[in-house]
Amino acid sequence: GDDCSEDVTLPPMNISLPASGLCGKETRACKKTNIFGQFASQNVTCRIIYSQILNHKSIHTQEHTVKADYRNPYMVTVNLKTAIRNKRETSETEYLAVDKYELSLSNDGTTFGETVVFIAYNEKCYLCESTTDSCTLLSSCPYRTATGTTDNPGFSLSIGVIVGASCAAVVG
């Protein structure tokens with residue numbers, strides 16, 4: 001059960017994501033992520049602001065709240081895709097869009113703490129860096145010419161200021 005000696009009004013501390021929050025869509029589905037930290041509640045809820053970025057623009061943004069799966073006092077799992085209304089993707093958005101989620105956690109559903117960023121991208125087309133919140137289009141991207149995109153190889157896609165999301169724990 002919950003450890004009653006911990007103050008659930010304080011947000012989780014020392015939170016982080018596997019692989020620095022980067023997820024290659026060619027390697028895995030990128031539909032969920034574990035979040036590591038110190039959780040004082042077993043009822044964790046996430047407020048997610050999701051943005052899909054294509055050609056330097058946010059083409060699709062949504063905000064939702066979902067319940068996270070409590071694994072242990074140091075890890076929760078967030079299903080990112082259950083919160084997102086499915087939108088039919090063209091081949092261009094499927095291969096060239098970058099999905100960004102900012103996750104900020106709370107143990108009580110009210111007080112949110114530090115933010116972590118999860119970036120899902122096609123590693124055949126981008127080189128992404130979590131420390132700079134940017135992705136660079138690779139000249140070797142096999143989908144670039146087939147989709148008619150006007151981006152030049154090597155452009156830097158800044159994704160640092162486009163979206164935000166939060167996770168909260170509901171105590172009850």
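Remember, predicted model here, so these are calculated numbers, not experimental data. (Residues numbered from 1 in each chain as written. Predicted model: local features only at pLDDT ≥ 70, side-chain atom pairs only at ≥ 80, totals over all residues. Heavy atoms only, no water.)

### Description of the pattern of salt bridges
A side chain of one charge can pair with a side chain of the opposite charge if their charged atoms are brought near each other. Per the counting criterion, the structure on display carries 4 salt bridges. Ionic pairing is found between Lys25 and Asp99, a salt bridge with its closest N-O pair at 3.0 Å. Placement of the pair is Lys25 in the loop between strand E2 (22-24) and strand E3 (32-38) and Asp99 in strand E8 (residues 98-104), with a sequence separation of 74 residues. On the basis of relative accessibility, which here comes to 26%, the residue Lys25 falls in the partly exposed class. Given the relative accessible area of 3%, Asp99 is considered buried. The partner of Glu102 in a salt bridge is Lys100, and the shortest N-O contact between them spans 3.5 Å. (Salt bridge = Lys/Arg side-chain N within 4 Å of Asp/Glu carboxyl O. Helix = DSSP H or I, 4+ residues; strand = E, 2+ residues; numbered from the N terminus. Buried < 20%, exposed > 50% of the residue type's maximum accessible area, 1.4 Å probe, protein only.)

### Regarding the sheet that holds strand E7 (residues 75-79)
Reading across the sheet, the 4 strands line up as E1-E3-E7-E6 and stay open at both edges, with antiparallel pairing between neighbours. In this open sheet, the two edge strands, each paired with only one partner strand, are strand E1 (13-16) and strand E6 (69-72). The sheet shows a mean angle of 25° between the axes of neighbouring strands, direction not considered. Note: E3 against E7, 5 bridges, orientation antiparallel. Directly across from Asn34, in E7, lies its bridge partner Thr77. (Pairing = 2+ DSSP bridges. Axes fitted to C-alpha atoms, helices over the stretch in contact; angles between N-to-C directions.)

### A look at the confidence of the model for the chain
Confidence in the prediction of the chain, expressed as mean pLDDT, is 77, and 73% of residues score 70 or more. A low-confidence stretch, residues 146-155 stays under pLDDT 50, and its non-local contacts, those more than four residues away or across chains, total 23 contacts. Long-range and interchain partners of residues 160-172, a stretch whose pLDDT sits below 50, account for 67 contacts in this model, where long-range means more than four residues apart. (pLDDT = per-residue confidence, 0-100. Contact = heavy atoms within 4.5 Å.)

### Observations regarding the state of the cysteines
Taken as a whole, this structure holds 3 disulfides when the rule is applied. Cys23 shares a disulfide with Cys30; S-S distance 2.0 Å. Because the sign of the S-S torsion sets the handedness, a value of about -95° for the bond joining Cys23 and Cys30 places this disulfide among the left-handed ones. Here Cys23 and Cys30 have matching classes, each one buried. Here Cys125 pairs with Cys141 through a disulfide, and the sulfurs are 2.0 Å apart. A torsion of 55° about the S-S bond marks the disulfide between Cys125 and Cys141 as right-handed. Note that Cys125 is positioned in the loop between strand E9 (115-121) and strand E10 (126-129) and Cys141 in the loop between strand E11 (134-137) and strand E12 (156-158), a separation of 16 residues in sequence. A relative accessible area of 6% means that Cys141 is categorised as buried. (Disulfide = S-S within 2.5 Å.)

### Thoughts on the packing of aromatic side chains
Using the criterion set out here, one finds 2 aromatic pairs in the structure. Pairwise contacts between aromatic rings join Tyr50, Tyr101 and Phe118 into one cluster. (Phe/Tyr/Trp six-rings, centres within 6.5 Å; stacked < 30°, edge-to-face > 60°.)

### A word on unusual backbone geometry
Backbone geometry at Ala19 places phi at a positive 55°, although glycine is not the residue there. Within the secondary structure, Ala19 is located in the loop between E1 and E2. Residue class for Ala19 comes out exposed when judged on its relative accessible area of 57%. Even without a glycine there, the phi angle at Cys30 is positive, about 60°. In this fold, Cys30 is placed in the loop between E2 and E3. What makes Cys30 buried here is its relative accessible area of 2%.

### Topic: the pairing of strand E5 (residues 57-67)
In the sheet, strand E4 (residues 44-54) pairs with E5 via 10 bridges, with the strands oriented antiparallel. Opposite Ile49, over in E5, you have Glu63 as the bridge partner. Linking E4 back to E5 in an antiparallel pair, the connection comprises 2 residues, with Asn55 at a positive phi of about 50°.

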